[in-house]
Amino acid sequence: MLLTLAVPLQQYLAQRGQLAELAGQERAAKKRVAALEQARAQWQDPAFIRQQARQRLHFVKPGETAYVIVDPTPSTTAPSVAPVPQQSAAPKGAWYGTLWSTVETAGRAEPKPAPSTRPQQPTPRPIGPSPRAH
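Model, not experiment: these values are computed from the prediction.

Regarding the overall build of the protein
Move 1: From N to C terminus, the protein includes 3 helices and 2 strands.
Move 2: Put simply, the protein runs from its N terminus to its C terminus through helices and strands in the order α-α-β-α-β.
Move 3: Within the protein, the proportion of its 134 residues that are buried is 3%.
Move 4: Of the contacts formed within the protein by residues at least 6 apart in sequence, a portion of 61% connects residues at least 24 apart.
Move 5: For the protein, the exposed surface amounts to about 13,400 Å²; the carbon and sulfur share of it is 61%.

In structure tokens, the structure reads:
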């Protein structure tokens, strides 16, 4: 009698576990849908759209002056790039040897020199039409 009930009981318990897991997934999906609907409702508001345009795209209203901080010491030299080793047509040796050779090549790259002076605070400049433009 016990053997005849063991298999159905095992299936019943497995299905209950699956139901609990699916119920958790459903709750998570409903939370995500609610969050997306709330975001969609926000994007229907013109004031929210204006706020996002000012924040993300740095838009300004007519008559306002936008300021952008520019680095006072622009780099005149090109960044140093380690030479790329030439690859042969067919890899030599095992794949792990090729992999290790790339690690060794990366280890030989020249380190960037540390800046010797503390950077100065940049001066803000207004964005707008140039004074020369008429």
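After presenting the structure, the write-up continues.
Quick word on helix 2 (residues 46–57)
Move 1: Relative to the 16 Å expected for 12 residues at 1.5 Å per residue, helix 2 spans 16 Å between its end C-alpha atoms, a close match to the ideal helical length.
Move 2: Taken as a whole, helix 2 has its buried residues at F48, Q52 and A53. All buried residues of helix 2 lie within an arc of 140° about the axis, which places them on one face of the element.
Move 3: In this structure, the buried side of helix 2 is in contact with helix 1 (2–43).
Move 4: In the segment just after helix 2, H58 is the residue with positive phi, at about 60°.

Details of unusual backbone geometry
Move 1: In this model, H58 sits at a positive phi of 60°, which is unusual for a non-glycine residue.
Move 2: For H58, the location among the structural elements is in the loop between helix 2 and strand 1 (66–69).
Move 3: We classify H58 as exposed; its relative accessible area is 63%.

Observations concerning the pattern of salt bridges
Pairs may arise between side chains of opposite charge once their charged atoms sit close together.
Move 1: Tallying each qualifying case throughout the model produces 2 salt bridges.
Move 2: Of the charged contacts in the structure, one is a salt bridge between R54 and E64, with a shortest N-O distance of 3.0 Å. Taken together, the positions of R54 in helix 2 and E64 in the loop between helix 2 and strand 1 put the pair 10 residues apart, joining distant regions of the chain.
Move 3: Taking the relative accessible area as the measure of exposure, E64 reaches 35% and is therefore partly exposed.

A word on the confidence of the model for the protein
Move 1: Averaged over all residues, the pLDDT of the protein equals 79, while 68% of them reach at least 70.
Move 2: Predicted confidence in the protein is weakest over strand 2 (residues 124–127), with a mean pLDDT of 68, and strongest over helix 1, with 93.

What counts, and at which threshold
- Residues numbered from 1 in each chain as written.
- Predicted model: local features only at pLDDT ≥ 70, side-chain atom pairs only at ≥ 80, totals over all residues.
- Heavy atoms only, no water.
- Helix = DSSP H or I, 4+ residues; strand = E, 2+ residues; numbered from the N terminus.
- Buried < 20%, exposed > 50% of the residue type's maximum accessible area, 1.4 Å probe, protein only.
- Contact = heavy atoms within 4.5 Å.
- Areas by Shrake-Rupley, 256 points an atom, 1.4 Å probe, with all protein chains shown as cover.
- Expected span 1.5 Å × (residues − 1).
- Arc of directions from axis to C-beta.
- Salt bridge = Lys/Arg side-chain N within 4 Å of Asp/Glu carboxyl O.
- pLDDT = per-residue confidence, 0-100.

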